[in-house]
Amino acid sequence: MSHFALKEPPRREDRLNACIAHGATLGEVAGRRQRCCLPASERSFTQNSICLLLPALGTMNSIPNSVVLMHGGLGCGSSCHGGNAAVRGGNMQRWGVVKDGTWLSTGLTEADVISGGEPKLAEAIVEADRRYRPAVIFVVSSCVPGIIGDDVDGVVEQTQPEVKAKLLPVHCEGFKTKIWATAYDAVYHAIGRTLLPETKAEIAPSKPGKTVNLMNMSSMGRVDELELERLLKALGLAVNIFPVFADPAGMQRMAEADLSISTCPTHDDYMLNHLKEKYQVPFILKHMPIGIDNTGKWLQDVAGFFGLGPEAKELIAQEEAELAAALKPLKSMFADKKAFSSAGEFRALSTALLLAELGFEVVGIRAFHHDEFAEVEYEKLVRLTGQEYPLNIANCQPFEEANLLRKIQPDVFLGHMNGNSTAAKLGIPTHVIYNTGLHYVGYRGAYELARRLYRQLKNPRFNANLSRYTSLPYQESWYRQNPFKYIVTAGGDSE
């Protein structure tokens, strides 16, 4: 039975045997493959985590003509404020309109927890439809309704005849999973069950030609979309981008494409398998087009599907020659420099490959979780960079990161905007590994990242000065211990 026949998607722990707790060298992880990190592995001490609601909101708020209605406490929507700049910028870049995300909350109280929040949810759905007249309303179930047993899907089914908007129930109960990448499955699940046609025959034929779905589940900003569009159009392919900032009325076109192409296997596998099973749309789910070699492999796979191998080979040769000339004056800065990469699994690994291609010595990688899709990336890294440096699987846990960084002392740390403070306070130059307004993907992304790192390393004084006046809350005794001391395997042994 398809997962899409269920009301909510399965946890990634169950579907992919994903895990969040492991520490070893890269070679050990690559050698043991999926056995490297058992789902039952845990920490005897955990410092913090991320709720899957956070990445889900980032995608849902990007959908034009939509309202995100959170069923839960008011605090569950607070992250929408921080992510709104990306929503405004994305709308402007794609649609020429500066528009905020629209989110509401049922604001459940203690009384609602006792008596149930279903009546309040039904009222909120009707009011959101009346007030905003959106095309879709994402009805998001957070922890509280999950705990007290509110039937969110039942309320949606009963209320749908009363409103014009299409109602999409999205299950983001944070307590159900520690693999917050399950959020991507939750959003795709809602889109697939509600906005796609029952059969492929229901779709009116669109313009002729070879068409691809370029999947962007918050994997990149508009500048990176344009880079991949440029490369795909050079092969004569028409490109549709889903789901961020895509018109809800056009989502059904996912089912009519000739091919779906992932930009991040961590994000996309759930929907791409559904498109193949139900609508016979084949897909490519292998490389993330970050890095020189990875971009070439990504293009070759797409071109091979359409019988465009010679055209792709010529395009790749031309792009790589231009890039090599542009990088030549920058690469001397990177010689003998040590780099640490920290992000979601595929982005961390792909960026580490790019750093090695630029001439850095990769000395550490930190991935938010581990699953089967990244095995090929581990093997690439072993071949390109060696294998005797640490790889940490950790959903946050800055205490492990601080320990590793003190021991390794990299020359530059690449992490997410909200995840660079530990390295910065240690005096390590930091650079953001993902920002919707910056280039990272394709050949343009490789050059732009190198250009920014060149400037960063040329004047690294800011973080050096910062470390003189700030400190981290860890004792010296912790820095002398094994950074993976609190990771416990399924058998009960520490790493």
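I will try to describe carefully the structure that is included in this document. (Residues numbered from 1 in each chain as written. Predicted model: local features only at pLDDT ≥ 70, side-chain atom pairs only at ≥ 80, totals over all residues. Heavy atoms only, no water.)

As for the nonpolar core
Inference 1: Grouped together as the largest cluster of nonpolar side chains are 70 residues, with contacts concentrated most on Leu-232, Leu-299, Phe-334, Phe-360 and Ile-365.
Inference 2: Examining the composition of this core, we find that nine residues originate from one element, helix 14 (residues 345-358), more than from any other.
Inference 3: Every residue in contact with Ile-365, bar those within four places of it in the chain, is listed here: Phe-340, Ser-341, Ala-348, Leu-349, Ala-352, Leu-381, Tyr-389, Pro-390, Leu-391 and Asn-392.
Inference 4: Cys-80, Val-136, Leu-196 and Leu-272 belong to the second-largest nonpolar core, a separate cluster that totals 45 residues. (Core = buried A, V, L, I, M, F, W, Y, C linked by side-chain atoms within 4.5 Å. Buried < 20%, exposed > 50% of the residue type's maximum accessible area, 1.4 Å probe, protein only. Helix = DSSP H or I, 4+ residues; strand = E, 2+ residues; numbered from the N terminus. Contact = heavy atoms within 4.5 Å.)

Notes on the environment of Ile-284
Inference 1: Looking at the secondary structure, you find Ile-284 in strand 10 (residues 283-284).
Inference 2: Separated by 19 residues in sequence, Ile-284 and Pro-265 place their C-alpha atoms 9.1 Å apart.

Considering helix 3 (residues 53-60)
Inference 1: The buried fraction of helix 3 amounts to six of the eight residues, a majority that puts the element mostly inside the structure.
Inference 2: Inspection of helix 3 places Leu-53, Pro-55, Ala-56, Leu-57, Thr-59 and Met-60 among the buried residues, and these make up the whole buried set.
Inference 3: Those residues of helix 3 hidden inside the fold are in contact with strand 3 (66-71), helix 4 (79-95), strand 5 (136-141), strand 6 (166-171), helix 9 (182-194) and strand 8 (238-243).

Topic: the sheet that holds strand 4 (residues 103-105)
Inference 1: Pairing is parallel across the open sheet formed by four strands, whose spatial order is 4-3-5-6. Taken across any chain shown, the strands that pair with only one partner, and hence form the sheet edges, are strand 4 and strand 6. Adjacent strand axes in the sheet meet at a mean angle of 25° when their direction is disregarded.
Inference 2: Across three bridges, strand 3 lies against strand 4 in parallel orientation. When the bridges of strand 4 are listed, Val-68 appears paired with Trp-103.
Inference 3: Lying on the sheet, helix 3 is in contact with strand 3, strand 5 and strand 6; it crosses strand 3 at an angle near 160°. (Pairing = 2+ DSSP bridges. Axes fitted to C-alpha atoms, helices over the stretch in contact; angles between N-to-C directions.)

Some points on the state of the cysteines
What we call a disulfide is simply a covalent bond connecting the sulfur atoms of a pair of cysteines.
Inference 1: Under the defined criterion, the tally for this structure stands at zero disulfides.
Inference 2: Here Cys-51 stays free of any disulfide, with the sulfur of Cys-143 as its closest cysteine sulfur at 5.4 Å. (Disulfide = S-S within 2.5 Å.)

A closer look at the packing of aromatic side chains
Inference 1: All told, the structure shown has 11 aromatic pairs when counted by the stated rule.
Inference 2: Judged by centre distance (4.9 Å) and plane angle (85°), the rings of Phe-305 and Phe-306 are edge-to-face.
Inference 3: Residue Phe-305 is classed as partly exposed on the basis of its relative accessible area, which comes to 41%.
Inference 4: Look at Phe-340 and Phe-413: their rings are 5.5 Å apart centre to centre, the planes differ by 25°, and that puts the pair in the stacked class. Note that Phe-340 is positioned in strand 11 (residues 338-343) and Phe-413 in strand 14 (residues 412-415), a separation of 73 residues in sequence. There is no split in this pair, since Phe-340 and Phe-413 are both buried.
Inference 5: Each residue in the set Phe-45, Phe-399, Trp-478 and Tyr-486 is aromatic and connected to the rest through ring pairs, giving one cluster.
Inference 6: One Lys or Arg, Arg-406, reaches over the ring of Tyr-479 and ends 4.0 Å from the middle of that ring. (Phe/Tyr/Trp six-rings, centres within 6.5 Å; stacked < 30°, edge-to-face > 60°. Lys NZ or Arg CZ within 6 Å of the ring centre and 35° of its normal.)

What to know about the side chain of Asn-84
Inference 1: Within the element layout of this structure, Asn-84 appears in helix 4.
Inference 2: Overall, the relative accessible area of 17% leaves Asn-84 in the buried class.
Inference 3: What Asn-84 contacts, discounting residues up to four positions off in sequence, is Asp-100 and Gly-101.

Overview of the sheet that holds strand 15 (residues 430-432)
Inference 1: One open sheet accounts for six strands, arranged 1-13-12-11-14-15; its pairing is mixed. Across the chains shown, the open sheet's two edge strands, defined by having one partner strand only, are strand 1 (21-25) and strand 15. Within the sheet, the average angular offset between the axes of one strand and its neighbour, ignoring direction, is 15°.
Inference 2: Taken together, the five bridges between strand 1 and strand 13 (residues 390-394) define a ladder with antiparallel strand orientation. In the sheet register, Ala-24 faces strand 13, and the bridge partner there is Leu-391.
Inference 3: Against the sheet, helix 18 (residues 442-458) engages strand 14 and strand 15, with an angle of about 155° to strand 15.

Here we look at unusual backbone geometry
Inference 1: Omega for the peptide link from Phe-242 to Pro-243 comes to -5°, which places this bond in the cis form.
Inference 2: When you line up the elements, Pro-243 lands in strand 8.
Inference 3: Backbone geometry at Ser-218 places phi at a positive 60°, although glycine is not the residue there.
Inference 4: Its relative accessible area of 24% is what places Ser-218 among the partly exposed residues.
Inference 5: Non-glycine residue Gln-409 carries a positive phi angle of around 50°.

Considerations on the environment of Ser-66
Inference 1: The residue Ser-66 is located in strand 3 in this model.
Inference 2: The exposure class of Ser-66 is buried, given its relative accessible area of 6%.
Inference 3: Through-space distance from the C-alpha of Ser-66 to that of Pro-248 is 8.3 Å; in sequence the pair is 182 residues apart.
Inference 4: The residues touching Ser-66, leaving out its near neighbours within four places in the chain, are Met-60, Thr-102, Pro-134, Val-136 and Phe-138.
Inference 5: There is a polar contact of 2.7 Å between the side chain of Ser-66 and the backbone oxygen of Ile-63. (Polar contact = N/O pair within 3.5 Å; in protein donor to acceptor, adjacent residues only side chain to side chain.)

Focus on the environment of Asp-336
Inference 1: On the secondary structure map, Asp-336 appears in the loop between helix 13 (309-331) and strand 11.
Inference 2: In this structure, the C-alpha to C-alpha distance between Asp-336 and Phe-462, residues 126 residues apart in sequence, is 21 Å.
Inference 3: Excluding anything up to four places from it in sequence, Asp-336 contacts Gly-359 and Asp-411.

What about the packing of helix 13 against helix 18?
Inference 1: Where helix 13 meets helix 18, the axes come as close as 10 Å, and the angle between the chain directions of the two elements is 5°. With respect to each other, helix 13 and helix 18 are oriented roughly parallel. Contacts between helix 13 and helix 18 involve Ile-316, Glu-319, Glu-320, Leu-323, Ala-326, Leu-327, Pro-329 and Leu-330 from the first element and Tyr-443, Ala-446, Tyr-447, Ala-450, Arg-451 and Tyr-454 from the second.
Inference 2: Class assignment for the residues of the contact of helix 13 with helix 18 results in 11 nonpolar, no polar and three charged. (Parallel < 35°, antiparallel > 145°, perpendicular 65-115°, else oblique. Nonpolar A, V, L, I, M, F, W, Y, C, P; charged D, E, K, R; others polar.)

Keep in mind these values describe shape, not function.
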